[in-house]
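Working through the structure, step by step
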Amino acid sequence: MLKRIVLISLFFTPVFNCTFTEEPKFVGLENIKVVNSTLQSITLSADALFINPNDVGGTLKTDDLKVYINETEFATVVSDMFDVPSKKNFKIPLIVAVPTDSIIDKKSLGGLLGSLISQKLKVQYKGEIKYKVMSYSSTYSVDETQELKIKL
């Protein structure tokens, strides 16, 4: 009987020693930039920065994150589930390709054409990133805007 109690306590000790004191902290977006621009498409990227103080990881999903160009919605960032490392600072790459013909076909044609001629775009990432670990979940609000130079 004593042997069984010792085995059970050895098994559950590491499980209960894992700390989950708080959700990972969303620091913000950085490195918002135009990765590639052609006459066919403009590829944008950004890094979402997080700090995870916990012994457990979890997953992050970006399905509700929209990309606006000159205040008009053009794309949704879609990615696979991202595994959150434990006790680390980490980045999630957010990459989206926007066809240039969709920019020209949208409602604010004059402003967008002006942006393409001046080679500057006002890019905004707005929405939510969802975090989940075991049965706990939370969301992080994202709202970052930056003016970017493009080269066609």
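The present account deals with the structure reproduced in this document. (Residues numbered from 1 in each chain as written. Predicted model: local features only at pLDDT ≥ 70, side-chain atom pairs only at ≥ 80, totals over all residues. Heavy atoms only, no water.)

**What to know about the pairing of strand E3 (residues 59-69)**
In terms of strand pairing, E3 meets strand E5 (residues 82-83) through two bridges, oriented antiparallel. Residue pairing for E5: leucine 60 is matched across the bridge by phenylalanine 82. Relative to strand E7 (residues 120-133), E3 is paired through nine bridges, and the arrangement is antiparallel. Bridged to leucine 65 within E7 is glycine 127. Bridging between E3 and strand E4 (residues 72-77) involves five bridges; their strand directions are antiparallel. Bridge pairing in E4 links isoleucine 69 to threonine 72. Following E3, the chain reverses through two residues before pairing antiparallel with E4; asparagine 70 in that reversal takes a positive phi of roughly 50°. (Pairing = 2+ DSSP bridges. Helix = DSSP H or I, 4+ residues; strand = E, 2+ residues; numbered from the N terminus.)

**Digging into the side chain of threonine 59**
Here threonine 59 lies in strand E3. Look past the residues within four positions of threonine 59 in its chain and what remains in contact with it is Met81, Phe82, Asp83, Val84, Lys130, Tyr131 and Lys132. (Contact = heavy atoms within 4.5 Å.)

**Things to note about unusual backbone geometry**
Glycine aside, the phi torsion of most residues is negative, and most peptide linkages are trans. A positive phi is found at asparagine 31, a non-glycine position, where the angle reads about 60°. Tracing the backbone through its elements, the reader meets asparagine 31 in strand E1 (residues 25-37). Assessed through its relative accessible area of 39%, asparagine 31 is described here as partly exposed. A positive phi angle, close to 50°, is found at lysine 87, a residue other than glycine. (Buried < 20%, exposed > 50% of the residue type's maximum accessible area, 1.4 Å probe, protein only.)

Keep in mind these values describe shape, not function.
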